[in-house]
Amino acid sequence: MVTAAKLIDTTLCIGCKACEAACQQWNDQEFTLGTFDGSYQTMPDLAANFWNLIKFNEVERNGQMSWLMAKYQCMHCADPGCLRACPAPGAIVQLKNGTVDIVQENCIGCGYCITGCPFDVPRLSPATKKAYKCSLCSDRTAAGLAPACIKTCPTNCLTFGDRTELVRQAESRAGALRAAGYADAGVYNPGGVGGTNVIYVLKEASRPEDYGLPRDPKIPLSVYFWKGPIKWLGSVVLVGGILGTFFHYVRYGPREYRNEGNRGQNPEV
Amino acid sequence: MTNGWTDVANADVVLVMGGNPAENHPVGFRFVMEARRKRSAKLVCIDPRFNRTAAVSDCYVPIRAGSDIAFLGGLIHAAISTGRFQRDYVVEHTNAAFLVKDGYGFEDGHFSGWDAAKRSYDKSSWEYELDGQGYAKVDPTLEHPRCVFQLMKRHYSRYTREKVAEICGCSPEEFDKAAGIVLSASTEGRTGTILYALGWTQHSHAVQLIHAAAMLQLLMGNIGMPGGGVNAQRGHANIQGSTDMGAWNMLPGYLKLPRANWRNLEEYLKANTPKPLRPDALNYWGNTPKFTVSLLKAYYGDKAAKANGFGYDWLPKAGETANHSWGFLFDRMYAGGIEGMISFGMNPVANGPNTGKILAALAKLKWLIVAENFETETAAFWNARKLAEKDYPAVADPSQIQTEVFLLPASCFAEKDGAFVNSSRWLQWKHAALDPPGEALRDQEIIARLFLKIRELYQKEGGATPEPLRNMTWNYAQPECPSLEEVAREINGRDLASERQLAGFGELKDDGSTSCGNWIYSGSFPETGNMMSRRGQEDPTGLGIYPQWSWSWPANRRVLYNRASLDKGGKPWDPTRAPLRWNGTRWTGDVPDYKSDAPPEALGAFIMLPEGVAKLFAPDFAEGPFPEHYEPAESPVENPLHPGVSFNPAAKVFQSGIDKLGSSKDFPYVGVTYRLTEHFHYWTKHVASSSQLLAHFFVEVPEGLASEKGIRNGDRVRVTSARGHVEGYALVTGRMRGLKVGGRKIYQVGLPIHWGFVGRVTGPLINNLTASVFDPNSGTPEYKGFLVNLEKV
């Protein structure tokens, strides 16, 4: 079984947002209107109905302006923090091809996956009280199609394929960029989460933060303890948690979420 | 485009100037990325703003809006003065060696022949010196003081790197860096392309700007080369098609508009059929009578005969010097000189300059028909006061407007078949994806029903000059809704006796035996079928020519002027990038821009032109044979080259009471309008997904200016010009910086265009700020570079 992966060559990304629109359309997400936040970026951060966001970062160094654009979405880690943190059986699954997916029917809306994610990706929907994120279009990949974002990218800065092959491609592209005079070009392929199935080619690889990418992503220690050496205890707590949640639900009904920022209040377009 | 999108992948250098393809042509931009990936091509971006293209470029230089000719003039000077040009190409394929008449000159901002009273040039001193046979004299050594090369060298000697920096606002070092990359494409083994769009066409000196780009490319030997050319990126899916079909100021196929002083067909043809200026010039425009007569046969069929000048009399004619382009049309409407208007696929309230004037002009119509997918600002113009009074305080109350408005629901592009002509000149046939909803009709049905009804009224009731309508052929199978395939066959042309579809324009006759709706499209629908629907992906030359994919005008040729990719003797300048080869009896590769069986030495490489070579010196334009830097109509500085003649003397500036110009005392900043990836013109503000990607109108404000004015990112600001104002959020950015121009610090303010008073998302119409100032050749308004003020609200 090959590992399904996505290569994002940021040096070819023009920030056109076609991937954002394609992601929402394929996944039947509702279009909303945001507030103005002083940027070309569609919204400040990912949302429950918006799983794929291009971050626009202006960086000025030595009088040289850079406008770095990088697509941001679930990284599909080999050792997913969300999955480690999730107390609900079957709510987060890792497919044989490495894709990490949320099964909303099983999600209890506890939000632990957000805590567990070193990339801060999953989002809770105030409406459904379930967690959502990029599924790597598992419904498309299962049918042999590329994810919607990759299918729609006009500059071919996105490539879908087997991870080993894409890492090779990324290294070779970074080498070509270094040869063309971009000394700091390199591959973003962090190891801290068992490796990610989304890898980047960056022009300024020594500064991933400039692109909005964590330098050394790691699953929070608390989550490791949660399912690590004291896993048995974790399991007891997990079962207790589920039962507690169940009884709580039966007794008090669904939890009322306060809006976590103005995005939740956006009217439908 | 002289070349085409797929061809951009052959470039070693991509100069993007007056365009922003990463932003506005993201799909075509993939070929720029392919050039970078496969050839390590260098991308140079010259623009007032550090935009999305700049973000992925190798070299970005900021310049002041309206200073592009100075920058290109600097490149021309640098090329000539340092020998970075392709001398053999220049001698063999351009008019560099042609001698110009004694008496031509340029002094203090005026070329010779300026008539101050008429505000136009007498161009007689711009002509070539002819020999006894009527051919231009040449000096292939390029040494004669009156040869084009020496005149050009002298003209651009003023455009030093320091002068460029003083005018444009960049530093001399930034200019040097860009020049180093651009001029590296002047060797035989390297080719560079130029991509431009409305950033070049929307100036009062726009045509000369593109002329300057062509000169630079000719000097470097990049015209006719794969990966070269001067490439206009068109803004709508079919804007190239509408230009080709003469939707503007021409007849189809770039035939000149008939004028009242050409009283019959003979006079029209005499005035518009050029004579060769060199013995080896093929002078293909010499076939103008064949193109014109065949067009008249397509219009009037059997009614067009030799005896009646093939119906030339029935064509509408403009006055000798009359201009019917946009600015003149609305000026006349504003003055009350137009009764009604049909607005089809166009939204003049949004896209014309000086919104207040357009709104006032429409209010003077008796009737207005708008055929559209949505209710546009034009259809709703009468309601502007109610919808957006704060933006247009001077507009009349609906109760005062007597214009009767008809909004006809029309189908959108996906609801009809037909061909789109893209920037690459490809006619790509498409199929209807679905039927028009509700009562919406296909465009051709709306036009056909109007035509048939009006003709019926003429037949019943008579009227002045009924002949143009009565004699028009309309023998379609379904007269009320002609199939577009039938129309396409008609445009291709046929032999009238045998009813055979023509194979190409080479078969056209001037005796009335052929008909053809547009000579440059002849060959798109021959006997073998619809060439436009082809989707073959073979690429025999390996140069991205794809001859079996759709059909490209003219004659399915993909690289225009491709004969110039070889020297006079037929040897390719670059054997790895030769679109054509001569095999001893005929040409192979791309369709030759040359006589298909003529040997290399027989003819000049530029077969359309009477010179047989390309024109560096072009006496065709209103303001001079060489491009010269003139300031925009509203500029913060006097022209450093000739302060006495600061602005283009031949440009058109309207002077009605509503057409005001401002000065830098009241309006100290330079405004520039532009488009964004997220939206398409004024249409996608009706679409949910695009509206989400970018909902709010904003003004891009340089950090330095923002701190001077105490404006923070996200504050509300008001931008004012002498015409009107807009209000929106400030997007404070380090991507725009203050420029030092003529010793002063000049700030520019960025103004995206996509909003209006109708739609899911609304905002101000940016043209409320812009002025009725037009290029004298193209009639395009000056949207890049006008004066504004900026205040925090």
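Each value, and the rule that gives it
Residues numbered from 1 in each chain as written. Chains lettered and ligands numbered in written order. Predicted model: local features only at pLDDT ≥ 70, side-chain atom pairs only at ≥ 80, totals over all residues. Helix = DSSP H or I, 4+ residues; strand = E, 2+ residues; numbered from the N terminus. Contact = placed C-beta atoms within 7 Å. Buried ≥ 20, exposed ≤ 12 C-beta atoms within 10 Å, placed from the backbone. Arc of directions from axis to C-beta. Nonpolar A, V, L, I, M, F, W, Y, C, P; charged D, E, K, R; others polar. Domains from an automatic or database assignment. pLDDT = per-residue confidence, 0-100. Pairing = 2+ DSSP bridges. Core = buried A, V, L, I, M, F, W, Y, C linked by C-beta atoms within 7 Å. Axes fitted to C-alpha atoms, helices over the stretch in contact; angles between N-to-C directions. Parallel < 35°, antiparallel > 145°, perpendicular 65-115°, else oblique. Left-handed = near helix turned anticlockwise from the far one by under 90°.

## Brief notes about the overall build of chain A
Now for step 1: In terms of regular secondary structure, chain A is built from 8 helices and 10 strands.
Now for step 2: Contacts spanning at least 24 positions in sequence make up 63% of the contacts within chain A whose residues lie at least 6 apart.

## With respect to the overall build of chain B
Now for step 1: Secondary structure assignment for chain B yields 22 helices and 30 strands.
Now for step 2: With the principal axes as the frame, chain B shows a C-alpha extent of 75 × 70 × 55 Å.
Now for step 3: Every one of the 793 residues in chain B was classed for burial, and the buried ones make up 54%.

## Overview of helix α8 (residues 172-182) of chain B
Now for step 1: Burial in α8(B) covers these residues: B:E174, B:F175, B:A178, B:A179 and B:V182. All buried residues of α8(B) fall inside an arc of 130° around its axis, so they share one side.

## Structural notes on the interface of chain A and chain B
Quoted interface sizes are often the accessible area lost when the parts come together.
Now for step 1: Every contact between the two is made by 29 residues of chain A and, on the other side, 31 residues of chain B.
Now for step 2: Counted by class, the side of chain A that touches chain B contains 14 nonpolar, 10 polar and 5 charged residues.

## So, the environment of A:T115
Residues and elements named next belong to chain A.
Now for step 1: Assignment of secondary structure puts T115 in helix α3 (residues 112-116).
Now for step 2: Look at T115 and you get partly exposed, because 17 C-beta atoms sit within 10 Å.
Now for step 3: For the pair formed by T115 and Q64, sequence separation is 51 residues and the distance between their alpha carbons is 37 Å.
Now for step 4: Apart from residues lying up to four places away in sequence, T115 is in contact with A85, P220 and V223.

## A short note on helix α1 (residues 18-26) of chain A
Now for step 1: For α1(A), the tally of buried residues reaches 7 of 9 residues, placing the bulk of the element in the interior.
Now for step 2: Those residues of α1(A) that fall on the buried side of the exposure criterion are A:A18, A:C19, A:E20, A:A21, A:A22, A:C23 and A:Q24.
Now for step 3: Where α1(A) is buried, its residues contact β2 (53-61), β3 (64-72), α5 (148-152) and β8 (158-162) of chain A together with α21 (688-693) of chain B.
Now for step 4: At the exit of α1(A) stands A:D28, carrying a positive phi of roughly 55°.

## Some thoughts on the domain arrangement of chain B
All names here are of chain B.
Now for step 1: According to the domain assignment, chain B consists of domain 1 (6-235) and domain 2 (643-792).
Now for step 2: On a C-alpha basis, the centres of domain 1 and domain 2 stand 27 Å from each other.
Now for step 3: At the junction of the two partners, domain 1 supplies 29 residues and domain 2 supplies 34 residues.
Now for step 4: Breaking the side of domain 1 that touches domain 2 down by element, the ones donating at least two residues are α1 (21-24), β7 (120-121), α9 (198-201) and α10 (206-219).
Now for step 5: Considered class by class, the residues forming the side of domain 1 that touches domain 2 number 9 nonpolar, 13 polar and 7 charged.

## Observations regarding the confidence of the model for chain B
Interpretation of the predicted coordinates at a detailed level should be avoided for regions scoring low in pLDDT.
Now for step 1: Here chain B averages 96 in pLDDT, and 100% of its residues register 70 or above.
Now for step 2: Here the prediction assigns the complex a pTM of 0.94, and the interface score ipTM is 0.92.

## Structural notes on the confidence of the model for chain A
Now for step 1: Per-residue confidence for chain A averages 89 on the pLDDT scale, and 89% of its residues sit at or above 70.
Now for step 2: Low confidence marks residues 259-269 of chain A, where pLDDT is under 50. Its contacts with residues over four positions away, or in another chain, come to 22 contacts.

## Thoughts on the pairing of β2(A)
All names here are of chain A.
Now for step 1: Pairing geometry for β2 and β3, over 9 bridges, is antiparallel. When the sheet's bridge partners are listed, N57 is paired in β3 with L68.
Now for step 2: Between the antiparallel neighbours β2 and β3 lie 2 residues, among them N62 with a positive phi of about 50°.

## Comments concerning the nonpolar core
Residue and element names in this part refer to chain B.
Now for step 1: One finds V14, L75, V148 and A213 to be the most contacted residues of the largest nonpolar core, which totals 192 residues.
Now for step 2: In terms of residue count, α10 provides more of this core than any other element does, 11 residues in total.
Now for step 3: No fewer than three residues from each of domain 1 (6-235) and domain 2 (643-792) sit in this core.
Now for step 4: In contact with A213, not counting residues within four places along its chain, are L72, I194, Y196 and V230.
Now for step 5: Formed by 71 residues, the second largest nonpolar core is a distinct cluster that contains A371, A380, I711 and W755.

## Digging into the sheet that holds strand β12 (residues 404-409) of chain B
Residue and element names in this part refer to chain B.
Now for step 1: With respect to topology, 3 strands assemble into an open sheet ordered β10-β11-β12, the strand pairing being parallel. For this open sheet the edge positions go to β10 (340-344) and β12, each flanked by a neighbour on one side alone. Strand after strand, the sheet turns through a mean of 10° between neighbouring axes, direction not considered.
Now for step 2: Here 5 bridges tie β10 to strand β11 (residues 367-372), and the two strands are oriented parallel to one another.

## Topic: the packing of helix α7 (residues 161-168) of chain B against α8(B)
All names here are of chain B.
Now for step 1: Where α7 meets α8, the axes come as close as 8 Å, and the angle between the chain directions of the two elements is 110°. If you check the angle between α7 and α8, you find them roughly perpendicular. Along this stretch, α7 crosses α8, giving a crossing that reads as right-handed. Each of R161, E162, V164 and A165 in α7 lies in contact with α8, whose residues at this interface are P172, F175 and D176.
Now for step 2: Considering only residue class, the contact of α7 with α8 consists of 4 nonpolar, no polar and 3 charged.

## A few points about the sheet that holds strand β8 (residues 192-196) of chain B
Residues and elements named next belong to chain B.
Now for step 1: Spatial strand order, β3-β2-β1-β8-β9: 5 strands in an open sheet with parallel pairing. Each edge of the sheet is formed by a strand with only one pairing partner; in this case those strands are β3 (59-62) and β9 (230-232). Along the sheet, successive strands turn relative to each other by an average axial angle of 20°, direction set aside.
Now for step 2: Note: strand β1 (residues 13-17) against β8, 4 bridges, orientation parallel. Directly across from L15, in β8, lies its bridge partner I194.
Now for step 3: In this fold α8 packs onto β1, β2 (42-47), β3 and β8, with an angle of close to 135° to the strand it touches most, β3.

## Digging into the environment of B:P258
Residue and element names in this part refer to chain B.
Now for step 1: Looking at where P258 falls in the secondary structure, it is placed in the loop between α11 (239-244) and α12 (265-272).
Now for step 2: Classification of P258 as buried rests on a count of 21 C-beta atoms within 10 Å.
Now for step 3: Non-local contacts of P258, meaning those with residues more than four positions away in its chain, are made with Y268, L315 and K317.

## Some points on the environment of B:E791
Residue and element names in this part refer to chain B.
Now for step 1: Within the secondary structure layout, E791 lies in strand β30 (residues 784-792).
Now for step 2: Along the chain, E791 and P252 lie 539 residues apart, while their C-alpha atoms are 48 Å from each other.
Now for step 3: Filtering out sequence-adjacent residues up to four positions away, E791 remains in contact with V717 and R718.

## Notes on the pairing of β11(B)
Now for step 1: Strand direction decides the pairing type here: β11(B) and β12(B), joined by 6 bridges, are parallel. Bridged to B:V370 within β12(B) is B:L407.

## What to know about unusual backbone geometry
Now for step 1: Going from B:W553 to B:P554, the amide bond is cis rather than trans, its omega being -10°.
Now for step 2: Structurally, the position occupied by B:P554 is in the loop between β18 (551-552) and β19 (580-582).
Now for step 3: Phi is positive for A:D28, which is not a glycine, with a value near 55°.
Now for step 4: Within the secondary structure layout, A:D28 lies in the loop between α1 and β2.
Now for step 5: C-beta crowding within 10 Å serves as the criterion here: with 7 such atoms nearby, A:D28 is assigned to the exposed category.
Now for step 6: For B:H681, which is not glycine, the phi dihedral falls at a positive 45°.
Now for step 7: Along the polypeptide, B:H681 turns up in the loop between β22 (669-674) and α21.
Now for step 8: Classification of B:H681 as partly exposed rests on a count of 15 C-beta atoms within 10 Å.

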